[in-house]
Structures are given as structure tokens and as C-alpha cells.
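The residues making up each chain are set out below.
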Amino acid sequence: MPSIYDKAEIYDLGFDERKWQVVREHWERLLGNAKIDTVLDCSIGTGNLTLQLAELGKKVTGSDLNPVMLNKCRQKAQEKGVSVELFSSDFRRINENTNKKYDCVMSTGNSLPYVPNEEVIDTLHKMDLLVRSGGYIYIDTRNWDKIIREHQRFYFYPPYYEKDVRIDSFQVWDYIEDGRITFNIVYSFEKEMQIIKREIFEETYFPIKREVLSNTLVEMSYEIRQMANFPLQCSLPIDDFEWYCILAQKRM
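Heads up: these notes are all about the structure in this document. (Residues numbered from 1 in each chain as written. Predicted model: local features only at pLDDT ≥ 70, side-chain atom pairs only at ≥ 80, totals over all residues. Heavy atoms only, no water.)

### Notes on the overall build of the protein
Logical step 1: From N to C terminus, the protein includes 7 helices and 12 strands.
Logical step 2: Rg of the C-alpha trace for the protein: 18 Å, near the compact-globule value of 18 Å for 252 residues, within the 12% margin.
Logical step 3: Structurally, the protein occupies a C-alpha span of about 60 × 45 × 35 Å along its principal axes.
Logical step 4: Counting across all 252 residues of the protein, residues that qualify as buried make up 53%.
Logical step 5: Restricting to contacts in the protein with at least 6 residues of sequence separation, those with at least 24 account for 65%.
Logical step 6: Summed over its atoms, the accessible surface of the protein is roughly 12400 Å², and 49% of this surface lies on carbon and sulfur atoms. (Helix = DSSP H or I, 4+ residues; strand = E, 2+ residues; numbered from the N terminus. Rg over C-alpha atoms; globule rule 2.2 N^0.38 Å. Buried < 20%, exposed > 50% of the residue type's maximum accessible area, 1.4 Å probe, protein only. Contact = heavy atoms within 4.5 Å. Areas by Shrake-Rupley, 256 points an atom, 1.4 Å probe, with all protein chains shown as cover.)

Set out below in C-alpha cells:
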């Protein structure tokens, strides 16, 4: 089954100007008083969750393992008129591809659960090598605690319209005995009451609990500055929200 990350045009469906502004506001609220000028996103993808930082005056660097994602990110940065430095890297070996220090090293887009939990812990240590003294690590991810607790099977998105084509998307989640969860992702394209195309993808994750991330960061001498809903604009308790983020500061 193909990966959605090999089709950037499908991956980006529905990410419109409204969502761009929601993410921008998220960064404005989250980073309000933090001294962050340079940022490295180790899983930047197409830049949906990171390029807004360049609009806010940050110097943004991004890496990703998938060249399709990087190409789309580069194109999007040009269209938005922002600057971004991009390079190819597996986030598990991010320190092997750059020796710079950054004010904030991050992993966005629920990327860390693509690898087993022990590799996530090792990846956080690799990210830490690139964080300056007093700098930050930032993570956003699905709320895997909620998913495991509720054992949800079906996940539906609102329909999206592109000119005269209606696009419906839903996911079916398969819970595997060893703890992994496979997301079966379906896109259906409809025009004039006829389905004209379908795209089906499969992504498998290793759920990671919130306490694993927070405890690992604390053990690495970080202080949790924010643990909140993502995007940071909803009043729901974090346990009930579908995504969350962590901002942790490295002790001097």
C-alpha cells in the first residue's frame, strides 16, 4: 500500500488559508515570551506547521527524509514569500547531518510515532545535541493516550471542495496485537454525483504515551514550559483533545 507522504498534493488537501492562520496564531500564543530566533524542524514535511514561523521573523531550517515533501515545502515557501533552509535527513540521525545549534529543535506533524518508543527516546537525545543552552525542544503529536483509551475505529473529516469536485476523506484504524496501529486512509473524489477517483494509503504507528515524552524530557534536564492542545486555541481539557504539543526548555 502506498504512503500518503509520496503524494504531496494529496497530503496537502484541505490545508487552506484559514488553517494556515490557525497555525500562525498557535505559534504566536505558544512562543510569546520565549527567546527563539532560530528553529530546526526535523520532520518539516510540506511545511504546513512550520513555515508560519518564518512569517513571524524566525530563521527556519527544516529536514525530512522524503524528497517529495521537501520539494513541496520549498515550493510553498516560495509561494508564501518566506525563506527556509532545507536538507534531507532521517530524524533519528539528525545530528549526523548538521552541527549547528538552534534556539528550538522540533518535530511536528505526529512524526515521532512512526518509530518504536525506544527510538523516539533516542531521537530526542539526538535532537538535544542541536539545542543551545537554554533552548527548547518542541513536539506535536496525536493524543495517543486518548486513542488507546477509547479504541476508536473510524475517523471522518469534513468534506472539502476544490472547484467542482467534492473530496471526502476518512480513516479506519486497525489495532495490532503488538501495540501498533495501522491507519487506512481513504480519499474519494466526486463530480456530478459520480466517484471519479479514489486514493488509498496505509500508515502504521507506534503509539507513544504523553508521560513517556514528558518524563524523557525531564530526565534530559528540560523543564516543561507548555503542554497544551494543538493548535493552542481550544478550551477542551488536553485529555479530550485529539492533538497536543509540548514545549520544553533546556536548563542552562
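### Considerations on the packing of aromatic side chains
Logical step 1: Under the defined criterion, the tally for this structure stands at 13 aromatic pairs.
Logical step 2: Measuring from centroid to centroid gives 5.6 Å for tyrosine 5 and tyrosine 114, while their planes differ by 75°, and the two rings are edge-to-face. Of this pair, tyrosine 5 sits in the segment before α1 (8-11) while tyrosine 114 sits in the loop between β4 (102-107) and α5 (117-128); the two residues are 109 residues apart in sequence, bridging distant segments of the chain.
Logical step 3: Tyrosine 114 sits in the partly exposed class, given a relative accessible area of 24%. (Phe/Tyr/Trp six-rings, centres within 6.5 Å; stacked < 30°, edge-to-face > 60°.)

### Quick word on the sheet that holds strand β11 (residues 222-229)
Logical step 1: Strand order across the open sheet formed by 7 strands is β3-β2-β1-β4-β5-β12-β11, with mixed pairing between neighbours. The open sheet has two free edges, formed respectively by β3 (84-88) and β11, since each of these has just one partner strand. Ignoring which end each strand starts from, the neighbouring axes of this sheet average 20° apart.
Logical step 2: Across 3 bridges, strand β1 (residues 38-41) lies against β4 in parallel orientation. (Pairing = 2+ DSSP bridges. Axes fitted to C-alpha atoms, helices over the stretch in contact; angles between N-to-C directions.)

### Observations regarding the nonpolar core
Logical step 1: With 44 residues, the main nonpolar core has Leu40, Val105, Leu124, Ile137, Phe183, Tyr187 and Leu213 as its most contacted residues.
Logical step 2: Per element, the largest residue contribution to this core is 5 residues, and it comes from strand β9 (residues 181-191).
Logical step 3: Setting aside residues up to four positions removed in sequence, phenylalanine 183 forms contacts with Arg142, Trp144, Ile147, Gln171, Val172, Trp173, Phe201, Glu202, Glu203 and Tyr205.
Logical step 4: Judged by nonpolar contacts, the second largest core, of 29 residues, contains Leu49, Val84, Ala228 and Leu247. (Core = buried A, V, L, I, M, F, W, Y, C linked by side-chain atoms within 4.5 Å.)

### Concerning unusual backbone geometry
Logical step 1: The omega torsion across phenylalanine 230 and proline 231 is 0°, close enough to zero to call that bond cis.
Logical step 2: The residue asparagine 110 is not glycine, and still its phi comes out positive at about 60°.
Logical step 3: Notably, histidine 151 is not glycine yet its phi reads approximately 50°, a positive angle.
Logical step 4: For histidine 151, the location among the structural elements is in the loop between α6 (144-150) and β6 (154-156).

### Description of the state of the cysteines
Logical step 1: Summed over the entire model, instances satisfying the criterion amount to 0 disulfides.
Logical step 2: In this structure cysteine 42 is not part of a disulfide, and its nearest cysteine sulfur, from cysteine 104, lies 9.6 Å away. (Disulfide = S-S within 2.5 Å.)

### Regarding the pairing of strand β2 (residues 59-64)
In the case of a regular strand, side chains alternate between the two sheet surfaces.
Logical step 1: Along β2, 5 of the 6 residues are buried, which leaves the element largely enclosed by surrounding structure.
Logical step 2: Here β1 pairs with β2 via 4 bridges, running parallel. Note that in β2 the partner of leucine 40 across the bridge is threonine 61.
Logical step 3: As defined by bridge partners, β2 adjoins β3 across 5 bridges and the pair is classed as parallel. Directly across from serine 63, in β3, lies its bridge partner phenylalanine 87.
Logical step 4: With helix α4 (residues 67-80) bridging β2 and its parallel neighbour β3, the resulting β-α-β unit is right-handed. (Right-handed = clockwise from strand over helix to strand, strands pointing away.)

### Examining helix α2 (residues 17-30)
Logical step 1: A rise of 1.5 Å per residue sets the reference length of α2, with its 14 residues, at 20 Å; its end C-alpha atoms lie 20 Å apart and thus fit the reference within 8%.
Logical step 2: Turning to α2, its buried residues are Trp20, Val22, Val23, His26, Trp27 and Leu30. The buried residues of α2 occupy an angular sector of 160° when projected down its axis, which confines them to one face.
Logical step 3: Looking at the buried positions of α2, the neighbouring elements they touch are α3 (52-55), α4, β4, β5 (131-142), β11 and β12 (243-250). (Expected span 1.5 Å × (residues − 1). Arc of directions from axis to C-beta.)

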